[in-house]
Amino acid sequence: MLHSPIMRDYNLFDEIIISLDQGMRTIFATPDNAHRPSPAAALDAAQLLPSDKKHIAGLMRVNHTGEIAAQALYAGQAIGARDEKVRQSLRHAAYEEGDHLNWCRERLDELGSHRSYLDPLWFSGSFMIGLGASLVSDEVSLGFVIETERQVMAHLESHLTSLPQQDKMSQAIIEQMFEDESQHATAAELAGGVELPDFIKGLMTATAKVMTTTAYYV
Ligand SMILES: [Fe+2]
Ligand SMILES: [Fe+2]
C-alpha cells in the first residue's frame, strides 16, 4: 500500500528523518512514491544498435539524475517552508517525481545500463540548495521550483530530438515527463513563486550542465 508523508504535521526532527529516509530510498531503493505505470509499459521494444542503446542509456541516466536532484531540492525546500500549504505542495511535487524516477530507472534496466554513480553527490548538493532557498522565503523557494522545472523541460525537449526515431518507449516516457514538469512549473507559479534573478538562473544552468554532462557518461 502506498503511503504519502504529505498529509500529516511533523516537527523539525521528523522532517530531517523523513528527508534522510527519502534520500536513501531515492538513491538506493525503489521509492514508495511511485504510483503510475510507465508510459512505455504497453509499447514494444525496438531493435536498437549497440551504439544507439548506449546513447539512449546516457540520456535516460541524465533524466534519472535530474529526477534525483529534483526530489532532493524539494525535500530540502519542504523543511524550511514557512507556509504549511507551500510545504505540502513541495512534498507533493517530490511525491509526483517518484513516477519519473521509476520510469527512468526501468528504462535504464531494460537497456542493460546503470544509474549515475554520482547520484548521492547530486542528491546531497541539491538538498542543501533546496534548504538554502527555503531559508530566503517561500516565494523564492517556489521560484526555484519554476526555474528547475523549466530547465528540466528544456533538457527533455532536446532529448526528444536526440533519441533514435524507432525508440518509442523512451519517447513516451520523456513526453509524459515533459507534460508533468510543465504542470509542476505552473502550480509553483500559481502558488506565488517569483522569477529568480538572472545570475541565479545562470548558476543553476551551469550546475545543471556539469550534472548532465557527467551523468551521460558515469
Ligand atoms: Fe520530474
Ligand atoms: Fe517536476
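Read on for a plain summary of the structure. All chains use their own residue numbering, which begins from 1 and follows the written sequence. The order in which chains are written sets their letters, starting at A; the order in which ligands are written sets their numbers, starting at 1. Local features are withheld for residues below a pLDDT of 70 in this predicted model, meaning they are given only at 70 or higher, and side-chain atom pairs are given and counted only at 80 or more; totals for whole chains, interfaces and linings count all residues. Excluding hydrogens and water, the side-chain figures rest on all heavy atoms present in the structure.

Numbered from the N terminus, helices here are DSSP runs of H or I no shorter than four residues, and strands are runs of E no shorter than two. Helix and strand content of the chain: seven helices and zero strands. Start at the N end of the chain and walk to the C end: the helices and strands fall as α-α-α-α-α-α-α. The contact criterion used is simple: two residues touch if any of their non-hydrogen atoms lie within 4.5 Å. Across the chain, every contact between residues at least 6 apart in sequence was considered, and the portion connecting residues at least 24 apart equals 87%. Method for areas: the Shrake-Rupley scheme with a 1.4 Å probe, in which residue coverage is limited to the protein chains shown. Roughly 10800 Å² of accessible area belongs to the chain as shown, and the carbon and sulfur atoms make up 62% of that amount.

Right, let's get into the coordination of the iron ion (ligand 2). In this description, a donor is an N, O or S atom within 2.8 Å of the metal centre, a cutoff extended to 3.2 Å for sodium, potassium and calcium. Water is not part of the atom list, which can make sites seem incomplete. Summarising the metal site, the iron ion (ligand 2) is bound by the protein donors E97 (OE), E149 (OE), E149 (OE), E181 (OE) and H184 (ND1), whose distances to it range over 1.9 to 2.5 Å. In the primary sequence, the donor residues of the iron ion (ligand 2) line up as E-x51-E-x31-E-x2-H. Between the iron ion (ligand 2) and the iron ion (ligand 1), a spacing of 3.7 Å is present, and a bridge between the two is formed by E97. Taken together, the residues E149 in helix α5 (residues 138–162) and E181 in helix α6 (residues 168–190) connect sequence positions 32 residues apart.

Here we take up the nonpolar core. Buried Ala, Val, Leu, Ile, Met, Phe, Trp, Tyr and Cys residues form a nonpolar core when they are joined through side-chain atoms within 4.5 Å. For every residue, the accessible area (1.4 Å probe, protein chains only) is compared with the maximum for its type, and the residue is labelled buried under 20%, exposed over 50%, or partly exposed between those bounds. Core analysis: the biggest nonpolar cluster contains 17 residues, and I56, M60, L111, I173 and M177 have the highest contact counts within it. If you list the elements that add at least two residues to this core, you get α2 (50–80), α3 (84–110), α5 and α6. Not counting residues within four places of it along the chain, the set of residues in contact with I56 comprises L48, L111, L163, P164, D167 and S170. Residues A70, A94, L142 and I146 belong to the second largest nonpolar core, which totals 13 residues.

Turning next to the packing of α2 against helix α4 (residues 119–136). The N-to-C vectors of α2 and α4 enclose an angle of 35°; their axes lie 7 Å apart at closest approach. The chirality of how α2 crosses α4 is right-handed. In this structure, α2 contributes H64, T65, I68, A69, A72, L73, A75, G76, Q77, I79 and G80 to the contact, and α4 contributes D119, W122, F123, S126, F127, I129, G130, L131 and S134. Structural elements are reduced to axes, namely lines fitted to C-alpha atoms, with helices fitted over the stretch in contact, and the angle between N-to-C directions of any two is expressed from 0 to 180 degrees. Helix crossings get a hand from a simple test, with the near helix turned counterclockwise from the far one by less than a right angle marking a left-handed crossing and a clockwise turn marking a right-handed one.

So, about the packing of α2 against α6. Here α2 crosses α6 at 25°, and the two axes come no closer than 12 Å. Considering the angle they form, α2 stands roughly parallel to α6. The crossing of α2 and α6 is left-handed. In this structure, α2 contributes I56, M60, N63 and E67 to the contact, and α6 contributes S170, I173, I174, M177 and E181. Each residue receives one of three labels: charged for Asp, Glu, Lys and Arg, nonpolar for Ala, Val, Leu, Ile, Met, Phe, Trp, Tyr, Cys and Pro, and polar for the others, Gly being one of them. Grouping the constituent residues of the contact of α2 with α6 by class yields five nonpolar, two polar and two charged. An angle below 35 degrees is treated as roughly parallel, one above 145 as roughly antiparallel, one from 65 to 115 as roughly perpendicular, and anything else as oblique.

Tracing the backbone shows E147 in helix α5. Residues E147 and I200, 53 residues apart in the sequence, show an inter-C-alpha distance of 9.7 Å. Sequence-distant contacts of E147, defined by excluding residues within four places in its chain, comprise L196, K201 and M204.

By definition here, a helix of n residues has an expected span of 1.5 Å times n minus one. Taking 1.5 Å of rise per residue, the 18 residues of α4 would be expected to cover 26 Å, and the 26 Å separating its terminal C-alpha atoms lies within 8% of that figure. Taken together, the buried positions of α4 are occupied by D119, W122, F123, S126, F127, G130, A133 and S134. Buried positions in α4, seen along its axis, are confined to an arc of 130° and lie on one side of it. Exposed residues on α4 whose side chains face more than 90 degrees from its buried face are L121, M128, L135 and V136. By construction, the arc corresponds to the directions joining the helix axis to the C-beta atoms.

Okay, a nonpolar patch on the surface next. Patches were defined on residues exceeding 30% relative accessible area and lacking a salt bridge, with like-charge contacts within 9 Å and nonpolar side-chain contacts (Val, Leu, Ile, Met, Phe, Trp, Tyr) within 5 Å. We define a salt bridge as a side-chain nitrogen of Lys or Arg found within 4 Å of a carboxyl oxygen belonging to Asp or Glu. Judged by side-chain polarity, Y117, Y217 and V218 come together as a nonpolar surface patch covering roughly 380 Å² of accessible area. Topologically, Y217 is positioned in helix α7 (residues 198–217).

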